[in-house]
Amino acid sequence: MPGEHGDKATRARSFGAAAEAYERARPGYPDEAVDWLLPEGARTVLDLGAGTGKLTRALVARGLEVVAVEPLREMRERLAATLPEVRAVPGTAEEIPLPDDSVDAITVAQAWHWVDPERATAEAARVLRPGGTLGLIWNRRDERVDWVVRLTEVMGSAEVEVMDMSAVEIGPPFGTTQSFVTDWQRPMDVDLLVEMAASRSYVITATPRRRAKILDGVRRTVEADPHLGTEFDLPYETYCYRAALP
């Protein structure tokens, strides 16, 4: 229901208050998804809306020259502490602080649903070199698994978890949007899962009573399932999209 989790802009800004929890608890991205996003021969990549660097580190590990753009100071500081070799600068998808034709690829991890897509697409096209690609990626809990459905019932869903992923299109001036989906599992324990839930924007901005109810419900869901134990795998589906400039 619209507005169920409060004002979108307020929630987008809320991540700064939970930067440490975000870094510890949020998942990274599977190698096959990262490799699929990157065009052959890419050397310079802009990680847009980089957060604490969950995707950035995978780009650095591939020997790429990476610039991270992130609007929230707390997130940038956490990224800089982990990846001092990366230039991390303030900015948004709608106002990218880079010159024209300056990067080979742009990646946007878990963030495109926060942006104005028309303005962000135009800015991405401006800073990309001809033939460069814009790549979008989202992790989603795999709700084909019964206990994950029960988890969602107590934890709630963010925008990305109710998006129609088959309808994602990057749009002009980019060419055809290609897509790729992969399944994977992340080793977890209940404390990490609770902390991950606590890093969600609608939990950060909830009333203390509502927040406590959600987090207690997450813990109870795991502890009530005899098949999970103290350590378990959280299944994900990772959705990837890319489109190239002419």
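In what follows, the structure referred to is the one given above.
Definitions and cut-offs
- Counting of residues starts from 1 at the beginning of each chain's written sequence and follows it residue by residue.
- A pLDDT threshold of at least 70 governs which residues receive local features in this predicted model, and a stricter bar of 80 or more applies before side-chain atom pairs are shown or counted, although totals over entire chains, interfaces and linings include all residues.
- With hydrogens and water stripped out, all remaining heavy atoms of the structure feed into the side-chain values.
- Secondary structure elements follow DSSP: runs of H or I no shorter than four residues count as helices, runs of E no shorter than two count as strands, and numbering proceeds from the N terminus.
- Both definitions apply: the radius of gyration is a C-alpha atom measure, and the globule rule equals 2.2 Å times residues to the power 0.38.
- Using a 1.4 Å probe on the protein chains alone, a residue whose accessible area is under 20% of its type maximum counts as buried, one over 50% counts as exposed, and one in between counts as partly exposed.
- Only heavy atoms matter for contacts: two residues are in contact if any of them lie within 4.5 Å across the pair.
- Only the protein chains shown count as cover for residues, and all accessible areas are computed by the Shrake-Rupley method using a 1.4 Å probe.
- The charge count treats Lys and Arg as positive and Asp and Glu as negative. His and the chain ends do not count.
- In this description, the location of a charge corresponds to atom NZ of lysine, CZ of arginine, CG of aspartate or CD of glutamate.
- Each salt bridge in this description consists of a side-chain nitrogen of Lys or Arg and a carboxyl oxygen of Asp or Glu lying within 4 Å of one another.
- Between the rings of Phe, Tyr and Trp (Trp by its six-membered ring), a pair exists once the centres lie within 6.5 Å; its type follows the angle of the planes, with under 30 degrees stacked, over 60 edge-to-face, and the other angles tilted.
- By definition, being over a ring means that NZ of Lys or CZ of Arg is both within 6 Å of the ring centre and within 35 degrees of the ring normal.

**Concerning the overall build of the protein**
Across its full length, the protein holds eleven helices and seven strands. Relative to the globule expectation of 18 Å for 246 residues, the C-alpha radius of gyration of the protein, 18 Å, shows essentially globular dimensions. Overall, the C-alpha framework of the protein stretches about 55 × 35 × 30 Å when taken along its three principal axes. Burial statistics for the protein: of 246 residues in total, 54% are counted as buried. Considering only intrachain contacts with a sequence separation of at least 6, the fraction spanning at least 24 residues in the protein is 77%. Surface accessibility of the protein: about 11,600 Å² in total, with carbon and sulfur atoms responsible for 51%. For the protein, the distance from the average site of its 29 positive side-chain charges to the average site of its 40 negative ones is 5 Å.

**A short note on the pattern of salt bridges**
Evaluated as defined, the whole model comprises 16 salt bridges. When the shortest N-O distance is used, the salt bridge between aspartate 31 and arginine 62 registers 3.3 Å. Within this pair, whereas aspartate 31 is found in helix H3 (residues 31–37), its partner arginine 62 is found in the loop between helix H4 (56–61) and strand S2 (65–69), the two being separated by 31 residues in sequence. Exposure remark for arginine 62: the relative accessible area of 28% places this residue in the partly exposed category. Residue arginine 220 pairs with aspartate 216 through a salt bridge whose shortest N-O separation is 2.6 Å. With arginine 220 and aspartate 216 both in helix H11 (residues 208–223), this residue pair falls four residues apart, about one helical turn. Taking relative accessible area as the criterion, aspartate 216 reaches 37% and is therefore assigned partly exposed. Overlapping salt bridges, with partners in common, bring together Asp142, Arg144, Asp183 and Glu237 in one network.

**Comments concerning the packing of aromatic side chains**
Considering all chains together, one arrives at four aromatic pairs under this definition. Relative to phenylalanine 180, the ring of tryptophan 36 lies with its centre 5.7 Å away and its plane at 20°, an arrangement referred to as stacked. Here tryptophan 36, found in helix H3, pairs with phenylalanine 180, found in strand S6 (residues 178–189); they are 144 residues apart in sequence, far enough to count as distant. Owing to a relative accessible area of 16%, tryptophan 36 belongs among the buried residues under this scheme. Lying across the ring of tyrosine 239, arginine 140 places its NZ or CZ 5.5 Å from the centre.

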